[in-house]
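Working through the structure, step by step
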Amino acid sequence: FGSSIEALVRAQYPLREVVCRRVTAMPEAELDIAFDEDNRIRVLPKDKFLATESLETECQGFSEKIQTFGSTVETLVDILDGESSKIELEKMRAIGQRNRAEMEREARRRKQLTMEAGLQEKQQELERLVFEMNSLERAEREQNNLIEKLSNNEV
């Protein structure tokens, strides 16, 4: 049925775009039905159809740009994740080195305290031995004096 109407319209009107009739689907909306240059039925007027095609082309271009942007952002995020991992690794190394340095400082401080305690013990032992030596020397002198007195009295 539709093709016979189309043939009649084309026979009477040789123009490519022909408005066949107005169809009112809703009381406030009127639709124009037309044929385009490819003999397809169009509901929109030619200028609106061209504007719609232009909008579709722009939308496709925008979608492609968004996809390109998305892939660029994804690449950037991957690069930043890699750099973040490297930074975290270096941060952990720095923390480890700082902890090692602090432990070394603490070990040196403990070793110094141990050596100072050992030195103090040796100084106390030295003082005790010096005192004992002085005491023995005094006892030796006294004994030598006593021996001398005794030997002087016998002679």
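So, about the overall build of the protein. Counting its regular elements, the protein contains two helices and three strands. The buried share of the protein, taken over its 155 residues, is 5%. Contacts in the protein between residues far apart in sequence, at least 24 positions, make up 11% of those at least 6 positions apart. A total of about 14100 Å² of accessible surface is found on the protein, and carbon and sulfur atoms cover 57% of it.

Chain-level statistics for the protein give a pLDDT mean of 83 and a share of 77% at 70 or above. Within the protein, the element-level pLDDT minimum falls on strand β1 (residues 19-26), averaging 45, and the maximum on helix α2 (residues 46-154), averaging 93.

With that settled, the discussion passes to the pattern of salt bridges. For the structure shown, the criterion picks out six salt bridges. Measuring nitrogen to oxygen at the nearest pair gives 3.9 Å for the salt bridge that ties K91 to E88. Within this pair, K91 and its partner E88 are both found in helix α2, separated by three residues, close to a single helical turn. With a closest N to O distance of 3.3 Å, E104 and R108 form a salt bridge. Here the residue E104 and the residue R108 both occupy positions in helix α2, the gap between them amounting to four residues, near one helical turn. Take E104: its relative accessible area is 42%, and that puts it in the partly exposed class.

There is a patch of nonpolar side chains on the surface, built from F69, V73 and V77 and spanning about 250 Å² of accessible area. Position of V77 relative to the elements: it lies in helix α2. Here V77 falls in the partly exposed class, since its relative accessible area comes to 39%.

What counts and what doesn't
- Residues numbered from 1 in each chain as written.
- Predicted model: local features only at pLDDT ≥ 70, side-chain atom pairs only at ≥ 80, totals over all residues.
- Heavy atoms only, no water.
- Helix = DSSP H or I, 4+ residues; strand = E, 2+ residues; numbered from the N terminus.
- Buried < 20%, exposed > 50% of the residue type's maximum accessible area, 1.4 Å probe, protein only.
- Contact = heavy atoms within 4.5 Å.
- Areas by Shrake-Rupley, 256 points an atom, 1.4 Å probe, with all protein chains shown as cover.
- pLDDT = per-residue confidence, 0-100.
- Salt bridge = Lys/Arg side-chain N within 4 Å of Asp/Glu carboxyl O.
- Patch = residues over 30% accessible without salt bridge, like charges linked within 9 Å, V, L, I, M, F, W, Y side chains within 5 Å.

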